[in-house]
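Tertiary structure, described
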Amino acid sequence: MTVGITALATHLPEKRLTNDDLAHLVDTSDEWIFSRTGIRQRFVAGEQEYTSTLAIQAVQKLPPEALQGVDLIIVATSTPDAFFPSVAALVQDHFKLQAAAFDLSAACAGWAYAINIAVSQIQSGMSKKALVIGSETMSKITNWQDRTTAVLFGDGAGVAVLEEVPEPYGFKSFAWGTDGSGAKHLHAGAIAKNLPSGDPLSPHIVQNGREVFKFATRVIPEAIQTATQKAGLTLANLDLIVTHQANARIIESAAQRLGLDLEKFVVSLHEHANNSTASMPMALDHALKNGRLKKGDLVALAGFGGGLTWASTVLRWAY
Ligand SMILES: CC(C)(COP(=O)(O)OP(=O)(O)OC[C@H]1O[C@@H](n2cnc3c(N)ncnc32)[C@H](O)[C@@H]1OP(=O)(O)O)[C@@H](O)C(=O)NCCC(=O)NCCS
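Let me begin by describing the structure that accompanies this report. The residue numbering used here restarts from 1 in each chain and proceeds along that chain's sequence as written. Note on the predicted model: pLDDT of at least 70 is required for a residue's local features to be given, and 80 or more for side-chain atom pairs to be given and counted; whole-chain, interface and lining totals, by contrast, use all residues. Calculation of side-chain values draws on the structure's entire complement of heavy atoms; hydrogens and water are dropped beforehand.

To continue, consider the packing of helix H7 (residues 209–230) against helix H8 (residues 248–258). To get an axis, a line is fitted to the C-alpha atoms, and for a helix only the part in contact is used. The angle between two axes follows their N-to-C directions and goes from 0 to 180 degrees. Secondary structure elements follow DSSP: runs of H or I no shorter than four residues count as helices, runs of E no shorter than two count as strands, and numbering proceeds from the N terminus. Relative orientation of the contacting elements H7 and H8 amounts to 45°, with a least axis distance of 9 Å. Relative to H8, H7 is oriented oblique. Where H7 crosses over H8, the two elements pack in a sense that is right-handed. Of H8, the residues touching H7 (which contributes Phe213, Ala216, Thr217, Arg218, Ile220, Pro221, Ile224 and Gln225) are Arg249, Ile250, Ser253, Ala254, Arg257 and Leu258. Throughout this entry, Asp, Glu, Lys and Arg are counted as charged residues, while Ala, Val, Leu, Ile, Met, Phe, Trp, Tyr, Cys and Pro are counted as nonpolar. The remaining residues, Gly among them, count as polar. Broken down by class, the residue content of the contact of H7 with H8 amounts to 8 nonpolar, 3 polar and 3 charged. Convention used here: angles under 35 degrees read as roughly parallel, angles over 145 as roughly antiparallel, angles from 65 to 115 as roughly perpendicular, and any remaining angle as oblique. Less than a right angle of anticlockwise turn of the near helix away from the far helix marks a crossing as left-handed, whereas a clockwise turn marks it as right-handed. Whether two residues are in contact is decided by their heavy atoms, any of which lying within 4.5 Å being enough.

See below:
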């Protein structure tokens, strides 16, 4: 049985924060942020808006028939409203769906991880139709005095509907992994003071940008290559590549390492910054709205994030 994406929707909060706005908060500039990252602006949730609020708004934007028969909800997030209940349970209740619901934590690779789990669930016959949501309020764990991280992230949510699709559409392969030895390079939201290694933890986002950059530029091309090979395809077969939207230079490096034209990659981060788990649905939506993603296209997705984690998949777009 093949499983594919049959609907997609995204939501951004109303409040927009440009690079110039940020320059009033910390010692930075539009020139520095844009040249180092490609980001121009980000959106920030209001005081009473949480990750569940954004997730519910994204689901609300799906065509109404998309919710019929949903029996599984997975929310990939690093910024849940609470440790429990899960954000997924709040979505389930809002839409009164007869569904099992849980959150998944794999940082910015979380949405790709959740896609992998949902596909397995549906292929095994355990579930029929899934909402796979990436939703984040990164602004709530940002240290707004720290210019090295405050400029990078944004809030937002995206949702994909997964169900059986006819051949030749749907997901073809997965490649994923974790390297916990890199946990110290990117972390947030700690209640513990230290990692098991003794390295300090923080309630706010802390990042060793150079190490994460090195990691991302290595794993993104490797994971795309592995997933493409597992699908029995070559890189030349791919019509579109959608990576986690963290930094335009990481995407440029991936294109270069894979020997592919940058035109094959979606870059939407200038509009919404790094939305963590929501960034790949955001980029897919951007491609759909700009006519760059059509039924039958072969697409590679690739995410990376704290953990350190990575995940890639290849699918043929089904609508
Ligand atoms: C974060 C990142 C943009 C920083 O770029 P960089 O070229 O490595 O910059 P550096 O950290 O070496 O800093 C260079 C200088 O800019 C300064 N700087 C850092 N942030 C700044 C900001 N927002 N505005 C202005 N200057 C800044 C630094 O203090 C440093 O100054 P110094 O040379 O006087 O010490 C880059 O490392 C990166 O994108 N890493 C990957 C991050 C990522 O993908 N995260 C997502 C994980 S899911």
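This part takes up the packing of helix H3 (residues 51–60) against helix H4 (residues 87–95). Between H3 and H4, the least distance of the axes is 9 Å, while the angle of their chain directions is 45°. Taken together, the axis directions place H3 and H4 in an arrangement best described as oblique. For the crossing formed where H3 meets H4, the hand is right-handed. When H3 is examined against H4, the residues Thr51, Ser52, Ala55, Ile56, Val59 and Gln60 are found in contact with a partner set consisting of Val87, Leu90, Val91, His94 and Phe95.

Right, let's get into the packing of aromatic side chains. When two rings of Phe, Tyr or Trp (its six-membered ring) have centres within 6.5 Å they constitute a pair, described as stacked for plane angles under 30 degrees, edge-to-face for angles over 60, and tilted for the intermediate range. For the structure on display, the rule yields 5 aromatic pairs. Centre to centre, the rings of phenylalanine 215 and phenylalanine 304 are 6.4 Å apart; their planes meet at 70°, and the pair counts as edge-to-face. Within this pair, whereas phenylalanine 215 is found in helix H7, its partner phenylalanine 304 is found in strand E12 (residues 298–305), the two being separated by 89 residues in sequence. Relative to tyrosine 319, the ring of tryptophan 317 lies with its centre 5.3 Å away and its plane at 40°, an arrangement referred to as tilted. Only protein chains enter the calculation, and the probe is 1.4 Å; a residue is then buried if its accessible area is under 20% of its type maximum, exposed if over 50%, and partly exposed in between. Residue class for tyrosine 319 comes out partly exposed when judged on its relative accessible area of 34%.

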